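Here is what each chain is made of, one letter per residue.
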Amino acid sequence: MAEAVFEPKIVAFLCRWCAGAGADLAGTSRLAYPPNAVPIRVNCSGRVEMEWVMEAFRSGADGVLIGGCHPGDCHYVSGNYKTRRRVHLLKRMLAELGIEPERVRLEWVSATEGAKFARVMKEFVADLKKLGPLTLEREEKRSAAPVLPKAGT
Ligand code: FES
């Protein structure tokens, strides 16, 4: 019997002004890219809380994509600069928890970059296939404490 092919599940937080519009353009331009992502529109990438990313992992995502406007193009001036700092911290925290930081990808995609969005999706899916499924139980055994504690607990 053939072994099932691993298809990574991705949660994609997309800023509605740029990355979300880029994703729409990829679709309307009929660019082929893997359908592995559940897109979640946000007003700005700076709105994406670390806790949302952790909740995505807890809920079964193998990877999280955060897409925002290019530096200097954020509709809220500096939201994407905050995102960049936050993602840097998040990746360090994931590494501490024994989770590959590459499971979070930050990309700047403008509304005119449908082709870039399609390329990013293809690359991210390929990278996650190499990493394999995220198995939090395995990580929890490695650590005495729960890997992904809820905020405020
Ligand atoms: S509005 Fe797009 S990243 Fe801020």
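See the structure shown above.
The text that follows walks through the structure, step by step, so that each part is easy to find.

**Here's the deal with the pairing of strand β4 (residues 104–108)**
Along a regular strand, successive side chains alternate from one face of the sheet to the other.
1) Next: With four of its five residues buried, β4 lies for the most part within the structure.
2) Next: Handedness of the strand β3 (residues 63–68)-helix α3 (residues 79–96)-β4 crossover: right-handed.

**Let's talk about the state of the cysteines**
1) Next: Counted by the stated rule, this structure contains one disulfide.
2) Next: Shown here is the disulfide that connects C18 with C69, its sulfur atoms set 2.5 Å apart. A torsion of 95° about the S-S bond marks the disulfide between C18 and C69 as right-handed. Taken together, the positions of C18 in the loop between β1 (10–15) and α1 (19–28) and C69 in the loop between β3 and α3 put the pair 51 residues apart, joining distant regions of the chain.
3) Next: A relative accessible area of 8% means that C18 is categorised as buried.

**Let's talk about the sheet that holds β1**
1) Next: Spatially, four strands are ordered β2-β1-β3-β4 in an open sheet, and the strand pairing comes out parallel. Since the sheet does not close on itself, it has two edges, and those belong to β2 (37–42) and β4, each with one partner. Across the sheet, the mean angle from the axis of one strand to that of its neighbour is 20°, orientation sign disregarded.
2) Next: With five bridges joining them, β1 and β3 adopt parallel strand pairing. Its bridge partner being in β3, L14 is matched across the sheet by G67.
3) Next: Across the sheet, helix α2 (residues 50–58) lies against β1, β2, β3 and β4, angled at about 145° from β3, the strand it touches most.
4) Next: Packing against the sheet, α3 makes contact with β3 and β4, and its axis sits at approximately 160° to β4.

**What to know about unusual backbone geometry**
1) Next: We note that R30 has phi near 60°; this positive angle belongs to a residue other than glycine.
2) Next: Position of R30 relative to the elements: it lies in the loop between α1 and β2.
3) Next: Despite not being glycine, V77 shows a phi value in the positive range, around 70°.
4) Next: The class of V77 is exposed, set by a relative accessible area of 64%.

**Here's the deal with the environment of D73**
1) Next: When you line up the elements, D73 lands in the loop between β3 and α3.
2) Next: Residue D73 is classed as partly exposed on the basis of its relative accessible area of 43%.
3) Next: Note: C-alpha distance between D73 and W108 (35 residues apart in sequence) is 9.8 Å.

**Description of the packing of α2 against α3**
1) Next: Running from amino to carboxyl end, α2 crosses α3 at an angle of 45°, the nearest separation of the two axes being 10 Å. Of the possible angle classes, the one that applies to α2 and α3 is oblique. Where α2 crosses over α3, the handedness of that crossing is right-handed. Within the contact between the two elements, α2 uses M50, V53, M54 and F57 and α3 uses R86, L89, L90, M93 and L94.
2) Next: Its residues placed into classes, the contact of α2 with α3 shows eight nonpolar, no polar and one charged.

Conventions we followed
- Residues numbered from 1 in each chain as written.
- Predicted model: local features only at pLDDT ≥ 70, side-chain atom pairs only at ≥ 80, totals over all residues.
- Heavy atoms only, no water.
- Buried < 20%, exposed > 50% of the residue type's maximum accessible area, 1.4 Å probe, protein only.
- Helix = DSSP H or I, 4+ residues; strand = E, 2+ residues; numbered from the N terminus.
- Right-handed = clockwise from strand over helix to strand, strands pointing away.
- Disulfide = S-S within 2.5 Å.
- Pairing = 2+ DSSP bridges.
- Axes fitted to C-alpha atoms, helices over the stretch in contact; angles between N-to-C directions.
- Contact = heavy atoms within 4.5 Å.
- Parallel < 35°, antiparallel > 145°, perpendicular 65-115°, else oblique.
- Left-handed = near helix turned anticlockwise from the far one by under 90°.
- Nonpolar A, V, L, I, M, F, W, Y, C, P; charged D, E, K, R; others polar.

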